[in-house]
Amino acid sequence: MKKNSKSNERNELKILTKEGKEFEVPAEGSLGLLALGAVGIQAWRKKQREMNYKNPNENVIVEKKVDEKKKAKDNDE
Amino acid sequence: MSKKLAKKVLLIGWDAADWKVIHPLIDSGKMPALEKLINTGVMGNLATLDPPLSPMLWTSIATGKTADKHGILGFTQPDPEGKQIRPVLSTSRKVKAIWNILMQEGYKTNVVGWWPSHPAEPVNGVYVSNFYHKLDKIPLHAPRKFAQDSIHPKRIEKMLMSLRVHPGDLTYAHLLPFVPDAASVDQDKDRRLNSVAKIIAEAATVHAAATWIMENEEWDFMAVYYDAIDHFSHGFMNFHPPRMKGIHKKMFERYKGVTNAGYMFHDMMLERLIELAGPDTTIILISDHGFHSDHLRPRGIPKEPAGPAVQHRPYGIICMNGPHIQRDELIFGSTLLDITPTILTLFGLPVARDMDGKPLIQAFDEPIKLDTIKSWEEVAGECGMHPSDKRQDPWAEQDALDQLIALGYIEPPDENAQKAIDRTVNESKFYLARVFMHSRKMKDALPILEELYENFPEEQRYALRLAQCYVELNRTADAKKIVDETVKKAKKRTPSIDLLYGRLFLAEGNMERAIESLKNAEQANSRLPGLYQHLGQTYLRMERWKDAEQAFIKAISIDRDNSLSHYGIGLAYLRQDKYLEAADEILTAVGLTYFFPSAHYYLGETLVHLGYYDRAAEAFEVCVAQSPGIKKAHLWLVDLYKKHLNKPEKAEEHERFIVEKIKSEEKKHRKRKK
């Protein structure tokens, strides 16, 4: 994958394949997008915003202890 | 000023990356970016330092100096109030890093994620500290706070903060390449998936900052550090094939691909960095140490501070590519102290004589005239270091605080905090002693170890290191006393203690007892590091050449990258008149550890036997360059230059050196002895 513009020019952001075709960014992301760096992350987030994407895996992956602590703190308050 | 070889330099750090893992991946086409970098550049081993602890090592890489000079001594330090411990900080570094020197010389420098690098230093480019990418302690949907002073300059703080990736942002699309059956992992019982997500997210965050800076900011030098390979390795190398004894088959099947996937992810990120750097940039990819991935993986981790370092292998990686760098060549004898001198040389700047490394000139495609300077510390001007009032010596501060507590001026920290502080302070002293021992400054190490042993006689690590130090100083009676006391306290002889007894008896010249102790150690643990080397050395002293050869061959079968073993087997061959084999082994030894005066000496002797007089002279010249006081080498050079190479002026030079320097030193030594 390649990109065709600077990573902070969000509106023009396009990611191209090695063959020069526009890459369809998946809303669930990919390692390839992370490896592209800033431009990949921005494109991924843009796609998620457009699709109003909710990560189905977040509760599996996120550190449970942190959320439990936060919940306990919120209850105390 | 010498010739400038590089326009821009990109220094990439992959903590714990190891050729032993990389080679099979490259061979199967799974790391194409690195493969290309190697094929069009140079590669080699990068010898680490002792202790192999990353914050100390990465600071040595960035300064060209050992830790006794740069001041970073471990993972933690006391806070300025002396009430708790905290991670080591950039403010504790006492000397200039390469980015400070380059800034002073007018080059624009960027630093991302270096360890330690918090708080961010006010350099003339962008500086992102090693606190920037830590997000896992923040709940997923909470505001993503960040550590103050983690980014310089402030104008890009908001931009870079928006690029951070939280582990909870990741989906199975990110995790499946690492753990193909991720969906079946019971997260209540097994939290390893969370650990994989955290490591990926942090690496992606560092990479996002680095790539954004490369795209949007000017730079001449940029250093980027990724810690993920080290984290993948500590977490998952025990699941790496082949399956280790004691690893459950189901767990092995589930996690066996994590480490390789981590390397492949880094290769993908490397491809992007290479693309953004462009062909005019010299790229240096390094690791601070390797990581045991084969039969040398330890079966357990010692329950002691920095215990996991037992998994580290003494050779990291180096790969260089770019203008004026040789193509498709191997380089030998590099250490991580050589990186800063090499970068200075690439920019045509002098190397400081108070640095402990050397420029890797063998990597360059043309001869270079090297300039030196006494010290960069004395060069005045804005260099982007923290102002002196912000810099601190946490160890000196701790002493001052202890004094104030003793005087009753301030309250002591609570008991648990005090224990943690004491442990940190003692460990830092222990690490400093190890740094001195590794630099062969035994006399500097000794008082520190004696103090530690006096205060903590039950701590076997301190006792055994003190005994080793005594052995090195030829104080075998003192060493024996310490080992005897340790055995008495432990009420048993461990293989390590038998090994140490072996060394002691060898030093005393009691060969039979040395062999007996070493054989005891062999019976208890035949894979004990250093065992067969010492056995081989003992046989060499006994002139039992064949037994020595066999012992060193066993040592090599355990670890083929051990330079001392190759050197030992070379000596055994030399004494058996097997000159070609001897030359081969000693060349391997100096290839692994270039700073090895005695190996260069015996290489010279072997080459004389083979009739290669010019190459023998080269070997003896390296020997005396590394250790000028070796008289035998000068005598060989006199002989070679006079009788075989027809260079009487060179012979005279060495004759003069023997008369003026060595003989006067010998005279002084005899006087002192009297």
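To be clear, the structure that these remarks concern was listed above.
What this report covers is the structure whose coordinates are included nearby.

Basis of the calculations
Residues numbered from 1 in each chain as written. Chains lettered and ligands numbered in written order. Predicted model: local features only at pLDDT ≥ 70, side-chain atom pairs only at ≥ 80, totals over all residues. Buried ≥ 20, exposed ≤ 12 C-beta atoms within 10 Å, placed from the backbone. Helix = DSSP H or I, 4+ residues; strand = E, 2+ residues; numbered from the N terminus. Pairing = 2+ DSSP bridges. Core = buried A, V, L, I, M, F, W, Y, C linked by C-beta atoms within 7 Å. Domains from an automatic or database assignment. Contact = placed C-beta atoms within 7 Å. Expected span 1.5 Å × (residues − 1). Axes fitted to C-alpha atoms, helices over the stretch in contact; angles between N-to-C directions. Parallel < 35°, antiparallel > 145°, perpendicular 65-115°, else oblique. Left-handed = near helix turned anticlockwise from the far one by under 90°. Nonpolar A, V, L, I, M, F, W, Y, C, P; charged D, E, K, R; others polar.

### Details of the pairing of strand 1 (residues 8-14) of chain B
Residues and elements named next belong to chain B.
Part 1 of the argument: Counting buried positions along strand 1 gives 7 out of 7 residues, so the element sits mostly inside the fold.
Part 2 of the argument: Of the two faces of strand 1, the one lined by Lys 8, Leu 10, Ile 12 and Trp 14 and the one lined by Val 9, Leu 11 and Gly 13 are each fully buried.
Part 3 of the argument: Bridge count for strand 1 against strand 9 (residues 281-286) is 6 bridges, and the pairing is parallel. What sits directly across from Val 9, in strand 9, is Thr 282.
Part 4 of the argument: Strand direction decides the pairing type here: strand 1 and strand 8 (residues 221-226), joined by 6 bridges, are parallel. When the sheet's bridge partners are listed, Trp 14 is paired in strand 8 with Tyr 226.

### Brief notes about the nonpolar core
Part 1 of the argument: With 215 residues, the main nonpolar core has B:Val128, B:Ala209, B:Leu449, B:Ala467 and B:Phe620 as its most contacted residues.
Part 2 of the argument: Residues from two domains meet in this core; each of domain 1 (8-373) and domain 2 (596-674) of chain B gives at least three.

### Describing the environment of B:Thr66
Residues and elements named next belong to chain B.
Part 1 of the argument: Mapped onto the fold, Thr 66 is located in the loop between helix 3 (54-63) and helix 4 (67-70).
Part 2 of the argument: The buried category is assigned to Thr 66, around which 21 C-beta atoms lie within 10 Å.
Part 3 of the argument: Once residues within four sequence positions are removed from consideration, Thr 66 is found in contact with Leu 49, Ser 60, Asp 356, Val 435 and Ser 439.

### Describing helix 15 (residues 442-455) of chain B
Part 1 of the argument: The end-to-end C-alpha separation of helix 15 of chain B is 20 Å, in line with the 20 Å expected for 14 residues at 1.5 Å each.
Part 2 of the argument: If you follow the buried residues of helix 15 of chain B, they end up packed against helix 14 (415-438) and helix 16 (460-472) of chain B.

### Observations regarding the packing of helix 20 (residues 531-541) of chain B against helix 22 (residues 563-575) of chain B
All names here are of chain B.
Part 1 of the argument: The geometry of helix 20 relative to helix 22 is characterised by a closest axis approach of 10 Å and an angle of 25 degrees between their N-to-C directions. In terms of orientation, helix 20 and helix 22 fall into the roughly parallel class. For the element pair helix 20 and helix 22, the recorded crossing hand is left-handed. When helix 20 is examined against helix 22, the residues Gln 533, Gly 536, Gln 537 and Leu 540 are found in contact with a partner set consisting of Leu 564, Ser 565, Gly 568, Leu 571 and Ala 572.
Part 2 of the argument: Taken together, the residues of the contact of helix 20 with helix 22 break down into 4 nonpolar, 5 polar and no charged.

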